[in-house]
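Chain by chain, the residues:
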Amino acid sequence: MSALPPEPSASPQAGPTQRLGLYDAWWTVGAAAFAVCLSLSACTWISLHLRVDAALHTVALFAHLASLVLGFGAVLVADYYALLCLTGRITLRNALNSTARLNVPIWTGLAGLVASGVLLQPNLDSALTRIKLGLVLVLTLNGLQAGLLNRRITQRGTPALAPRSLARGAATALLSQVCWWGALAIGFRNSQR
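The structure contained in this document is the topic of the report that follows. The structure displayed is predicted, hence computed values, not measured ones. (Residues numbered from 1 in each chain as written. Predicted model: local features only at pLDDT ≥ 70, side-chain atom pairs only at ≥ 80, totals over all residues. Heavy atoms only, no water.)

The subject of this paragraph is the side chain of Thr172. Within the fold, Thr172 resides in helix α6 (residues 163–191). When its relative accessible area of 10% is taken as the criterion, Thr172 is described as buried. At 2.7 Å, the side chain of Thr172 forms a polar contact with the side chain of Gln145. The contact partners of Thr172, leaving out residues within four places of it in the chain, are Asn142, Gln145, Ala146 and Leu149. (Helix = DSSP H or I, 4+ residues; strand = E, 2+ residues; numbered from the N terminus. Buried < 20%, exposed > 50% of the residue type's maximum accessible area, 1.4 Å probe, protein only. Polar contact = N/O pair within 3.5 Å; in protein donor to acceptor, adjacent residues only side chain to side chain. Contact = heavy atoms within 4.5 Å.)

Another aspect to go through is the state of the cysteines. Disulfide: a covalent bond formed between the sulfur atoms of two cysteine residues. Throughout the structure, instances matching the rule amount to zero disulfides. Distance from the sulfur of Cys37, which forms no disulfide, to the nearest cysteine sulfur (Cys43) is 12 Å. The class for Cys37 is partly exposed, based on a relative accessible area of 30%. (Disulfide = S-S within 2.5 Å.)

Further remarks concern the nonpolar core. Counting 23 residues, the largest nonpolar core has Leu144 and Trp180 as the members making the most contacts within it. Elements with a minimum of two residues in this core: α1 (26–49), α2 (54–86), α4 (103–119), α5 (127–156) and α6. If near-sequence neighbours (up to four positions away) are discounted, Trp180 is found in contact with Leu68, Gly71, Phe72, Val75, Leu110, Leu113 and Leu139. (Core = buried A, V, L, I, M, F, W, Y, C linked by side-chain atoms within 4.5 Å.)

All right, on to the packing of aromatic side chains then. Taken as a whole and assessed by the stated rule, the structure comprises three aromatic pairs. Geometrically, the ring pair formed by Phe72 and Trp181 is edge-to-face, given 5.0 Å between the ring centres and 80° between the ring planes. Residue Phe72 is found in helix α2, and its partner Trp181 is found in helix α6; the two are separated by 109 residues along the sequence. According to the relative accessible area criterion, Trp181 is partly exposed, its value standing at 46%. Pairing Tyr80 with Tyr81 gives two aromatic rings, centres 6.3 Å apart and planes at 55°, and the pair type is tilted. According to the relative accessible area criterion, Tyr81 is partly exposed, its value standing at 27%. Here the aromatic residues Phe72, Trp180 and Trp181 are joined through ring pairs into a cluster of three or more. (Phe/Tyr/Trp six-rings, centres within 6.5 Å; stacked < 30°, edge-to-face > 60°.)

Moving on to the environment of Leu76. Turning to its location among the elements, Leu76 is positioned in helix α2. For Leu76, a relative accessible area of 37% corresponds to the partly exposed category. Once the C-alpha coordinates of Leu76 and Leu149 are considered, the two residues, 73 residues apart in sequence, prove to be 18 Å apart.

Function-wise, these values are silent; they only describe arrangement.
The following block contains the structure:
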């Protein structure tokens, strides 16, 4: 009769297993980017097939504007902290910590914009509307890689940015501003029609 091998016991020195977070690796960010593409495609499809009455349209418009204030306002504050860091008024660590705290309002605002936008019955035959949807997609993907960049810079723990990280951070902020302002301008123009 053969004995079964003993079951491995937990080592008293082994700590709790660490869960994998969104910004821990490129592949997790890539998976999130794929999920974002699927979600935005689903929202676009839903907006084509959903009928909204006037009262719900008004509520959705209010939610859209409130989400814009929340998300874009937080982005502007994050960029302000970056400028304070670049001008030497606050440390890099303070800037990174402050911008990391703005993730929740930024992502909440962006999600609110997308969800309420579905109810606003966008005209997908319009080239401007399709450009706006593209800007939202680029903005979202840029936000995902910005989180990874923030995490990598924070993990380095150096008091100054390497030139490559500085260039990537500046490009990230510029792309973010172009997408937010572009989507805002197109949304304003579409509301005038």
